[in-house]
Amino acid sequence: MWARESGFSTLLHIILEQQVSLASARAAHNKLLELASPLTPQRFLKLDDATLKAVGFSRQKSLYGRELARAILEGLLDLDELGSMDDAAVKSELVKIKGVGRWTADIYLLMVLRRPDIWPTGDLALAVAAQKVKRLRARPTPDELDEISAPWKPWRAVAARILWHYYLSEVSL
């Protein structure tokens, strides 16, 4: 199920996963945890640019991490409250933070809050897997992928997990 714990560290890890391989994001997150464990917003903000770069953060992802940490510390984002909100409200709260877009919010909803009808639009692995499974000539666009997922409502998170497993076992070899 790839379930993850709620909190700052996990959301930061998901930000690291944006547009890079899972392995490189995991390596950067693990190096960060070696420096600052437990990883809290306060500890993250004490790390300078050179330290973050050394563990694998780009300049942009360092900025996103700092924005997230500040939002939590300033009370603009309460990660504990997200579990009691509906999906749309969670997305709305998360995307207010610079560096947290729809995909990141969807992954948090799917893997942390374990919501059943989340479909991470724009996920490359889902698009590649759907192309193979559906025998499409071209990789589906995000809109086409949303259309493909429509019949799977209200269990699109299950379909996403199945397609990710397929991708990891068949496509990415």
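One can find the structure itself at the top, above this paragraph.
Report on the accompanying structure. (Residues numbered from 1 in each chain as written. Predicted model: local features only at pLDDT ≥ 70, side-chain atom pairs only at ≥ 80, totals over all residues. Heavy atoms only, no water.)

1. Structural notes on the nonpolar core
Side chains that are nonpolar tend, in soluble globular proteins, to be buried together.
And then number 1: Ranked by internal contacts, the top residues of the largest apolar core, which has 49 residues, are L32, F44, F57, L77, L94, Y108 and W164.
And then number 2: Considering each element in turn, this core owes the most residues, 8 residues, to helix α7 (residues 102-112).
And then number 3: In this structure Y108 touches S6, G7, L11, I14, L79, L82, L94 and L113, once residues within four positions along its chain are discounted. (Core = buried A, V, L, I, M, F, W, Y, C linked by side-chain atoms within 4.5 Å. Buried < 20%, exposed > 50% of the residue type's maximum accessible area, 1.4 Å probe, protein only. Helix = DSSP H or I, 4+ residues; strand = E, 2+ residues; numbered from the N terminus. Contact = heavy atoms within 4.5 Å.)

2. Concerning unusual backbone geometry
And then number 1: Residue P38 follows S37 across a cis peptide bond; omega there is 0 degrees.
And then number 2: Relative to the helices and strands, P38 resides in the loop between α2 (22-35) and α3 (41-45).
And then number 3: At the junction of K153 and P154, the peptide bond is cis and its omega measures out at 5 degrees in the coordinates.
And then number 4: In this fold, P154 is placed in the loop between α9 (142-149) and α10 (156-171).
And then number 5: Backbone geometry places R114, a non-glycine residue, at a positive phi of 55 degrees.
And then number 6: Of note in the backbone geometry, R135 takes a positive phi value of approximately 55 degrees without being a glycine.
And then number 7: Following the sequence through the fold, R135 ends up in the loop between α8 (124-133) and α9.
And then number 8: Assessed through its relative accessible area of 77%, R135 is described here as exposed.

3. Considerations on the environment of F44
And then number 1: Along the chain, the position of F44 falls in helix α3.
And then number 2: Between the C-alpha atom of F44 and that of L32, which follows or precedes it by 12 residues, the distance is 8.8 Å.
And then number 3: Once residues within four sequence positions are removed from consideration, F44 is found in contact with F8, L12, L32, L39, L52, F57, S62, G65, R66 and A69.

4. What to know about the packing of aromatic side chains
Two numbers describe a pair of aromatic rings. These are the distance of the centres and the angle of the planes.
And then number 1: Under the defined criterion, the tally for this structure stands at 3 aromatic pairs.
And then number 2: Judged by centre distance (5.9 Å) and plane angle (65 degrees), the ring pair of F8 and F44 falls under edge-to-face. Placement of F8 in helix α1 (residues 8-16) and of F44 in helix α3 is noted, with a sequence separation of 36 residues between them.
And then number 3: The exposure class assigned to F44 is buried, which follows from its relative accessible area of 0%.
And then number 4: Seen from their ring centres, F44 and F57 are 5.7 Å apart, and the 50 degrees between their planes marks the pair as tilted. One end of the pair, F44, is in helix α3; the other, F57, is in the loop between α4 (49-55) and α5 (59-73), with 13 residues separating them in the sequence. With respect to class, F44 is no different from F57; both count as buried. (Phe/Tyr/Trp six-rings, centres within 6.5 Å; stacked < 30°, edge-to-face > 60°.)

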